[in-house]
Amino acid sequence: MQSEPPKPLTWVGSSKRDYIRFPDQVQDDMSYALFVAQMGERPKSAKPLKGFKGAGVLEIVEDYDGDTFRAVYTVRFAQRIYVLHAFQKKSKRGIETPKSEIRLVEQRLRAAEEDYRRRQQPDEERG
């Protein structure tokens, strides 16, 4: 039995640039988790991001050397995984994601929806 190839991974906004600033160990762990998502599974380190009910928006959380790093991605689209945001959580109060970060994820989710729609159009419709 042959498995399906991994879904393509698309980085939205500055997410890739922000991600590659993470410590190497964090990148290694998150890269594996994203690969698991590309293969159609849910990584053990991923959980739904609060405030996105039913939208298929998940976050990978990695703690490293006293800091917390997060990568937010969506599995909302059948043929592609979009990494919407990557950031180091700065707030020391609680575990809640800051509202400014949520707003950025919302904007980038809309951008991902538009990108996915555009990619799904037949070539002759793209003009």
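Since this is a predicted model, take the numbers as computed values, not measurements. (Residues numbered from 1 in each chain as written. Predicted model: local features only at pLDDT ≥ 70, side-chain atom pairs only at ≥ 80, totals over all residues. Heavy atoms only, no water.)

A look at helix H3 (residues 99–120)
(1) Moving on: Between its first and last C-alpha, H3 extends 32 Å over 22 residues, near the 32 Å set by a 1.5 Å rise per residue.
(2) Moving on: Among all positions in H3, only Glu-101, Ile-102, Val-105, Arg-108, Leu-109, Ala-112, Asp-115 and Tyr-116 are buried. Axial view of H3: buried residues confined to an arc of 135°, hence all on one face. Turned more than 90 degrees from where H3 packs its buried face, Lys-99 and Arg-110 sit exposed.
(3) Moving on: Residues of H3 that are buried sit in contact with strand E1 (9–11), helix H1 (15–19), strand E3 (57–64), strand E4 (67–74) and strand E5 (81–89). (Helix = DSSP H or I, 4+ residues; strand = E, 2+ residues; numbered from the N terminus. Expected span 1.5 Å × (residues − 1). Buried < 20%, exposed > 50% of the residue type's maximum accessible area, 1.4 Å probe, protein only. Arc of directions from axis to C-beta. Contact = heavy atoms within 4.5 Å.)

Structural notes on the environment of Gln-27
(1) Moving on: For Gln-27, the position within the fold is in helix H2 (residues 24–38).
(2) Moving on: On the accessibility criterion, Gln-27 (16% relative accessible area) is buried.

Spatial relationships are all this shows, so hold off on functional conclusions.
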